[in-house]
Amino acid sequence: GREQPTLHALFGLPDAPGLGALAEAPAAPLAGLLQETRVPGLWLLAGGPPGSASRPLPWAALMQSLREQAERVICYAPSTERSETLALARHVDGVLLLARRHRTRRGALREARARLEAVGAPVRGVVLWE
């Protein structure tokens, strides 16, 4: 099934317009889309409601804008089988693959790495979690 944005829920925030709004209006100011979390200095740009992004995101411009406003930019993206994830991966400084212990197959991990490397994404390593 399609993965739904859920990072906002982890921080107890609404799934406010975020990336979806930027797809529709790339010149929209980021300040109105970023949500402050309870973690000091940590802001979240939500994915937005499912189906809110009908156009491809301008990843290069978005990442440049975020880098100008933040010391560090951390992106969480779903499966490498999604074109949006591969498009984003081309514009980051490094990619960490997340693998769930005893659940992620080695072959699936190798395939994900190959897809990322095929688009020039800088794969830095794997995080194994329970």
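For the structure, see preceding data.
Report on the accompanying structure. Only a predicted model underlies this, so the values are computations on that prediction, with no experimental measurement involved. (Residues numbered from 1 in each chain as written. Predicted model: local features only at pLDDT ≥ 70, side-chain atom pairs only at ≥ 80, totals over all residues. Heavy atoms only, no water.)

**Some remarks on unusual backbone geometry**
Rules: Helical segments are the DSSP runs of H or I of at least four residues, strand segments are the runs of E of at least two, and each set is numbered from the N terminus. Categorising residues by exposure relies on relative accessible area from a 1.4 Å probe, with only protein chains included: less than 20% of the type maximum marks a residue as buried, more than 50% marks it as exposed, and the intermediate range marks it as partly exposed.
Positioned with a positive phi, H102 is a non-glycine residue whose angle comes to about 65 degrees. Within the secondary structure, H102 sits in the loop between β3 (95-100) and α5 (106-118). H102 gets classed as exposed once you look at its relative accessible area, which sits at 73%.

**What to know about the nonpolar core**
As a rule of thumb, nonpolar side chains are buried together in soluble globular proteins. Short version of the rule: Here, nonpolar core refers to any group of buried Ala, Val, Leu, Ile, Met, Phe, Trp, Tyr and Cys residues whose side-chain atoms link them within 4.5 Å. Residue contacts are counted whenever heavy atoms from the two residues lie within 4.5 Å of one another.
L22, L30, L45, W59, L62, V95 and L116 are the most contacted members of the largest nonpolar core, which has 21 residues in total. Of all the secondary-structure elements, those providing two or more residues to this core are α2 (19-24), α3 (59-69), α4 (83-89), β3 and α5. Not counting residues up to four positions away in its chain, the partners in contact with W59 are L19, E84, A87, L88 and H91.

**Brief notes about α3**
Owing to its 3.6 residues per turn, the α-helix aligns residues three or four sequence positions apart on the same side. How we decide: The directions from the helix axis to the C-beta atoms are what the arc is built from.
Burial in α3 covers these residues: W59, L62, M63 and L66. Within α3, the buried residues cover an arc of 95 degrees as seen down the axis, which keeps them to one side. When the buried face of α3 is taken as reference, the exposed residues oriented beyond 90 degrees from it are A61 and E68. Turning to α3, the residues buried within the fold contact α2, β2 (43-45) and α4.

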